[in-house]
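# Breakdown of the fold
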Amino acid sequence: MATGRTHRPATRSRGIPEATVARLPLYLRALTALSERSVPTVSSEELAAAAGVNSAKLRKDFSYLGSYGTRGVGYDVEYLVYQISRELGLTQDWPVVIVGIGNLGAALANYGGFASRGFRVAALIDADPEMAGKQVAGIAVQHSDGLEKIIDENGVSIGVITTPPGVAQAVCDRLVAAGVSSILNFAPTVLSVPDGVDVRKVDLSIELQILAFHEQRKAGEEAEAQAGAAAVAQAAQENNGKGPDGDVPAVMPA
């Protein structure tokens, strides 16, 4: 089976925009759900709605893959699943190491969705000597002293950092020096990496803060709407029974 070290997806060489690459997993998730329900074809409108994008953007994204669908029929679900999986590099095995086996690291190790999406947790690594040898998700935790050897023996090119922020950069430096060229960072800190190394940062607190902003905005809009409705009701009550001039009751001619 191929490993992540020797095979890399061709998205950049084919000129696919980063924004399109970021949406491909959304399409794949929606398509996988359709495939599991044995749906053979899907229209761009249906798939766009399931992925949370507009259909024009979806069609433009798929044009980069060379997929244009069939008028009146739509897109072949199974073929698109394969096509997007291939473009994302998910038709091969990607060994992954998780460094920092605290609550979050252990939760990721126990996540069952990795294997079905082309990722294999090859090793769990922690600096705490008391963690060494403990089983997490059926995998024995290994001490960080052997990080470089573990990466080399497993052909790892993707590392996941779930350490405290104070040690994340040092862990990152060791991963990069050992040959890891893609890092998923859960530590609440910004990592510095050389050219050629990709870092994706996942900060749950930032995501919650963004949601809080939207909640506050919705609450403000709702308060404004209620105030507007109250003002209209008050004006209607004040004008009740008055004529068009507001002071003289309207009298219909006999």
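Residues numbered from 1 in each chain as written. Predicted model: local features only at pLDDT ≥ 70, side-chain atom pairs only at ≥ 80, totals over all residues. Heavy atoms only, no water.

### Thoughts on the nonpolar core
Judged by nonpolar contacts, the single largest core of 23 residues is most densely connected at Tyr27, Leu31, Val42, Leu47, Leu58, Phe62 and Ile84. Counting only elements with at least two residues in this core, the list comes to helix H1 (18–36), helix H2 (44–51), helix H3 (55–65) and helix H4 (77–87). When residues in this core are grouped by element, the largest group, seven residues, is from H1. If we skip the residues at most four places from it in the chain, Leu58 touches Tyr27, Ser44, Leu47, Ala48, Val53 and Tyr75. Judged by nonpolar contacts, the second largest core, of 20 residues, contains Ala123, Ile125, Val156 and Val180. (Core = buried A, V, L, I, M, F, W, Y, C linked by side-chain atoms within 4.5 Å. Buried < 20%, exposed > 50% of the residue type's maximum accessible area, 1.4 Å probe, protein only. Helix = DSSP H or I, 4+ residues; strand = E, 2+ residues; numbered from the N terminus. Contact = heavy atoms within 4.5 Å.)

### Thoughts on unusual backbone geometry
Across the chain, the bulk of peptide bonds are trans and the bulk of non-glycine residues have phi less than zero. The backbone of Ser38 shows a phi angle near 60°, a positive value even though the residue is not glycine. Its place among the elements puts Ser38 in the loop between H1 and strand S1 (41–42). In the Ramachandran plot, Ala137 falls in the positive-phi region, its phi being about 55° despite a non-glycine side chain.

### Focus: the sheet that holds strand S9 (residues 198–201)
Here we have seven strands laid out as an open sheet, ordered S5-S6-S4-S3-S7-S8-S9, and mixed in their pairing. Among the strands making up the open sheet, the edge pair consists of strand S5 (135–136) and S9. Summarising the sheet, strand S4 (residues 119–126) and strand S6 (residues 139–143) pair through three bridges and their orientation is parallel. Paired with Asp126 across the bridge in S6 is His143. (Pairing = 2+ DSSP bridges.)

### Section: the environment of Val160
Mapped onto the secondary structure, Val160 falls in strand S7 (residues 158–161). Val160 sits 25 residues away from Asn185 along the chain, and the two C-alpha atoms are 6.0 Å apart. Setting aside anything within four residues of it in sequence, one finds Val160 in contact with Val96, Val97, Ile98, Val99, Leu108, Leu184 and Phe186.

### Points about the side chain of Asp61
The topology assignment puts Asp61 in helix H3. The class for Asp61 is buried, based on a relative accessible area of 1%.

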